[in-house]
Each structure stands twice: as C-alpha cells, then as structure tokens.
Amino acid sequence: RCEKLTTLSQLGELPALTHLRVDNAPELNDVDALKGMAALESAELISLPKISTLPALGGKSFLTELTLDLPAFNTISDFKALPQLKTLSLTCPMLSDLTPLSSLPSLKTLTVFGSGSSRNHHYPSVLKFWDHPTIKTIKVLRSSQLLTLDVANMPELTVMKIEGKALKTVRLHLLPVLRNL
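If you're wondering where the values come from, they're calculated on a predicted model, not measured in any experiment. The residue numbers shown here count from 1 along each chain, following its written sequence. Selection of residues for local features in this predicted model requires a pLDDT of at least 70, selection of side-chain atom pairs for listing and counting requires 80 or more, and totals for whole chains, interfaces and linings are taken over all residues. Heavy atoms throughout the structure, all of them, feed into the side-chain values; hydrogens and water do not.

Visitor: Help me out: how do you make sense of the packing of aromatic side chains in this one?
Guide: By convention here, two paired aromatic rings are described through the distance between centres and the angle between planes. Pairing of aromatic rings covers Phe, Tyr and Trp, the last through its six-membered ring, and needs centres within 6.5 Å; plane angles under 30 degrees mean stacked, over 60 mean edge-to-face, and all others mean tilted. A complete count under the given rule lists one aromatic pair for this structure. Ring geometry for Phe 73 and Phe 79: centres 5.9 Å apart, planes at 25°, overall stacked. Residue Phe 73 shares its accessibility class with Phe 79, and that shared class is buried. Categorising residues by exposure relies on relative accessible area from a 1.4 Å probe, with only protein chains included: less than 20% of the type maximum marks a residue as buried, more than 50% marks it as exposed, and the intermediate range marks it as partly exposed.

Visitor: I tried to follow the sheet that holds strand S3 (residues 65–69) on my own but got confused; where do I start?
Guide: A pair of strands counts as paired when DSSP detects no fewer than two bridges linking them. For the purposes of this entry, the term helix denotes a DSSP run of H or I that reaches at least four residues, the term strand denotes a run of E that reaches at least two, and both are numbered from the N terminus. Overall, parallel pairing links the seven strands, which are arranged S1-S2-S3-S4-S5-S7-S9 in an open sheet. Bordering the open sheet on either side are strand S1 (19–23) and strand S9 (159–162), each of which pairs with just one other strand. With direction set aside, neighbouring strand axes in the sheet form an average angle of 5°. Both strand S2 (residues 42–46) and S3 contribute to a ladder of five bridges, which runs parallel. Within S3, the position partnered with Ala 43 by the bridge is Leu 66. All axes here are fitted lines through C-alpha atoms, helices being fitted over the stretch that makes contact, and every angle between N-to-C directions spans 0 to 180 degrees.

Visitor: How should the side chain of Lys 60 be read in this particular structure?
Guide: Locating Lys 60 in the fold gives a position in the loop between S2 and S3. Only four residue types enter the charge count: Lys and Arg as positive, Asp and Glu as negative, with His and the chain ends excluded. Put simply, a salt bridge is a Lys or Arg side-chain nitrogen that is within 4 Å of an Asp or Glu carboxyl oxygen. Of the side chains bearing the opposite charge, Asp 32 lies closest to the buried Lys 60, which forms no salt bridge; the N-O distance is 10 Å. Those residues in contact with Lys 60, other than ones at most four positions away along the chain, are Leu 34, Lys 35, Met 37, Leu 40, Ala 81, Leu 82 and Pro 83. Contacts are assigned to residue pairs with any non-hydrogen atoms lying within 4.5 Å of each other.

Visitor: What is the right way to look at the pairing of S3 in this model?
Guide: Successive residues of a regular strand alternate their side chains across the two faces of the sheet. Bridge count for S3 against strand S4 (residues 87–91) is five bridges, and the pairing is parallel. By the bridge assignment for S4, Thr 67 is matched with Ser 89.

Visitor: Is there a simple way to explain the pattern of salt bridges in this structure?
Guide: Between side chains of opposite charge, pairing is possible as soon as their charged atoms come close. Within the structure shown, the criterion is met by four salt bridges. A salt bridge links Glu 44 to Arg 21; the nearest nitrogen and oxygen atoms lie 2.7 Å apart. Taken together, the residues span a long stretch of sequence, with Glu 44 in strand S2 and Arg 21 in strand S1 at a distance of 23 residues. The class of Arg 21 is partly exposed, set by a relative accessible area of 48%. One salt bridge connects Lys 50 with Glu 27, and the closest N-O pair in it is separated by 2.8 Å. Highlighted residues: Lys 50 in the loop between S2 and S3 and Glu 27 in the loop between S1 and S2, separated in sequence by 23 residues.

Structure follows, in structure tokens:
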C-alpha cells in the first residue's frame, strides 16, 4: 500500500524504465511522469481512485501490455497513440464506450472486469465494442451490473467469454470468424 504517494514525478526521470506497477495508492493524483517513460513496455495501474484520465500514456510506442483498475477512469481517447498495444485489461466502472479502441492497430486481447479492487463501485450497464479490425479475444468478466453488450464489425474476433448474471441484451453483428461464445 502506498497511502501517502501523490505523484510519480521522479519516475519520469527514468527513460529506460520498461515495466511499471503502481498498486493501491489512494492519494495518487499525478501520473504525468508517464510522459518521460519512453521505453515503457508494460504498465499496471491498480486501485488509484483519483485518476480519471491518462493523457500521459499517449505516444508510448513500445507499450504492449496495459492493465488498469481505476474506479474514476472514464475515457480511452488518450489511447489513440499506442501503436504496439497488444493486451489491454480494464476494471474501470466509469468507462462504458470502448469503440475508440478501434484506433489501436495491434490490439489482440481485451479483458474487461466488472469488479476487482474497485468493488465499491458499480459497473456500467452498457458496453460497446465496435469497429476494431484486429481484436481476436474479448473477455467480459465479473460483470454483475452489465445489462447490454453490443459487439459489431470485428472481422478477427474468434473468442468471446462473458460472465454476467444481469445481462439482458446481447447484440452481435458482423463477426465473421467468431467461433466461441
């Protein structure tokens, strides 16, 4: 637990850093140091309740794996410039539209968790995955609040795993190679 940590500023002076895990830092509100981590290949940002956006992630040309468990995180528009990102795991209860992921040319595996260390937060009732040409696997796990799942136009998607006791509506469209659901 990093109860008093409020910034990662000194880590920004480590341009050769390739792996970063920050876990359980309830006061952390400044992750701008990520901008200085040019060689970053994998990042895990876990239980950081004050982080709602991650503009400092933009332009990470070596980042291939990203795990986010952020209760207040609400937009993935900053992910547009992550050309090598292959694996993305999200536990972000405020995030519902994943359509902007279509700008990630290398993304192969997307896992969305409905709860994790953010147990006290509700998960969105609607998730949308649209127009991503390279994702092969989607996993929606522990999604007790999810009511609607909308998946469309994903030509490489072969496997979907869904756990959702409250799920009422599933819309699947233009998934030509989906084999397992």
